[in-house]
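Architecture at a glance
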Amino acid sequence: MKREFIFIGPPGSGKGTQTKMLSKDFNLPHIDTGSLLREEVSSGSEEGKLADSFMEKGQLVPIELVSKIIKNRLLKQDCQNGFILDGYPRSLEQAYALDDILKEIDKNVFVQPYVFYFEVDQKQLIERLINRRSCSVCGAIYNLKTMSLKDETKCQKCGGNLIRREDDTEEVANKRFKTYFDQTAPLIDLYTKRGLLIKLNASFSIDEIYKNLTGAIKENVHS
Ligand code: AMP
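Everything in this summary refers to the structure shown in the same document. Computed from a predicted structure; not experimentally measured.

**Focus: the packing of helix α6 (residues 122–130) against helix α7 (residues 170–184)**
Close contact between α6 and α7 brings their axes to 10 Å; oriented N to C, the two are set at 135°. One element, α6, and the other, α7, form an angle in the oblique class. Judged by the twist between their axes, the crossing of α6 over α7 is right-handed. Contact with α6, carried on its side by Gln122, Leu125, Ile126, Leu129 and Ile130, involves Glu170, Ala173, Asn174, Arg176, Phe177 and Phe181 of α7 and no other residues of that element. Per-class residue counts for the contact of α6 with α7 are seven nonpolar, two polar and two charged.

Printed below as a string of structure tokens:
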């Protein structure tokens, strides 16, 4: 049976870390719009330049571009058994666009998406963001404050360089929160009304959150 998982949560709520773990264990592709957009920016394309002008201000990239990227990605062969969407949709407009994309892709097959919402205190989030580093090679995510790394510049898994994302400064992070509360938070209501929302407390440790997440999947997701 096809499994479609959607993850919503404020910046720094740990969606990236948890969805990567889930992707490995459930053998489903992890589709992270932020990373797809950063790849587009690095490619130097016109679309990348356009995306960058919004990303550097902590604003949402125009829907036409994001929907195109997502649709192309969801049409790939590896999404046949399902996928994990991390960071999309991020507005009501995108949620309706996703409805249309999924209707087109799934056609006559009935697939019930599950929406996980990561709830966490905002004070903790700023701390997490400004201390976040990620590996430039394998994408592993670290927190300099909560993980004691022998070398804060190197990935413990593959030895790649650890980098700080350009938008993980306090100034841009605050703008990203504003964007989240204004545009993404209304999705909680939408998916609650549709009976699809599963809420998780994301203030715990990585392992505890993962245990709760996989527990919630066992409880709610029919195989
Ligand atoms: P993230 O890596 O998820 O924190 O996303 C980084 C930035 O990419 C965001 O601040 C937005 O500028 C942009 N972005 C990511 N996902 C979306 C989306 N679904 N719609 C529009 N912009 C997005």
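**What to know about the sheet that holds strand β1 (residues 3–8)**
Strand order across the open sheet formed by five strands is β2-β3-β1-β4-β8, with parallel pairing between neighbours. The open sheet has two edge strands, β2 (30–32) and β8 (197–201), and neither has a second partner. Across the sheet, the mean angle separating the axes of adjacent strands is 20° when strand polarity is ignored. This element, helix α9 (residues 206–220), spans β1, β4 (114–119) and β8 of the sheet and lies at about 155° to β8.

**Looking at the sheet that holds strand β5 (residues 132–135)**
Pairing is antiparallel across the open sheet formed by three strands, whose spatial order is β6-β5-β7. In the strand order of this sheet, the two ends are held by β6 (141–143) and β7 (162–163), each with one partner. Bridge count for β5 against β6 is three bridges, and the pairing is antiparallel. If you follow Arg133 over to β6, its bridge partner there is Tyr142.

**Considering the pairing of β1**
Of all six residues that make up β1, five are buried, and the element is covered over most of its length. Bridge count between β1 and strand β3 (residues 82–86): five bridges; the pairing is parallel. Opposite Phe5, over in β3, you have Ile84 as the bridge partner. As judged from the four bridges shared by β1 and β4, these two strands associate in the parallel manner. Opposite Phe5, over in β4, you have Tyr114 as the bridge partner.

Conventions and cut-offs
Residues numbered from 1 in each chain as written. Predicted model: local features only at pLDDT ≥ 70, side-chain atom pairs only at ≥ 80, totals over all residues. Heavy atoms only, no water. Axes fitted to C-alpha atoms, helices over the stretch in contact; angles between N-to-C directions. Helix = DSSP H or I, 4+ residues; strand = E, 2+ residues; numbered from the N terminus. Parallel < 35°, antiparallel > 145°, perpendicular 65-115°, else oblique. Left-handed = near helix turned anticlockwise from the far one by under 90°. Contact = heavy atoms within 4.5 Å. Nonpolar A, V, L, I, M, F, W, Y, C, P; charged D, E, K, R; others polar. Pairing = 2+ DSSP bridges. Buried < 20%, exposed > 50% of the residue type's maximum accessible area, 1.4 Å probe, protein only.

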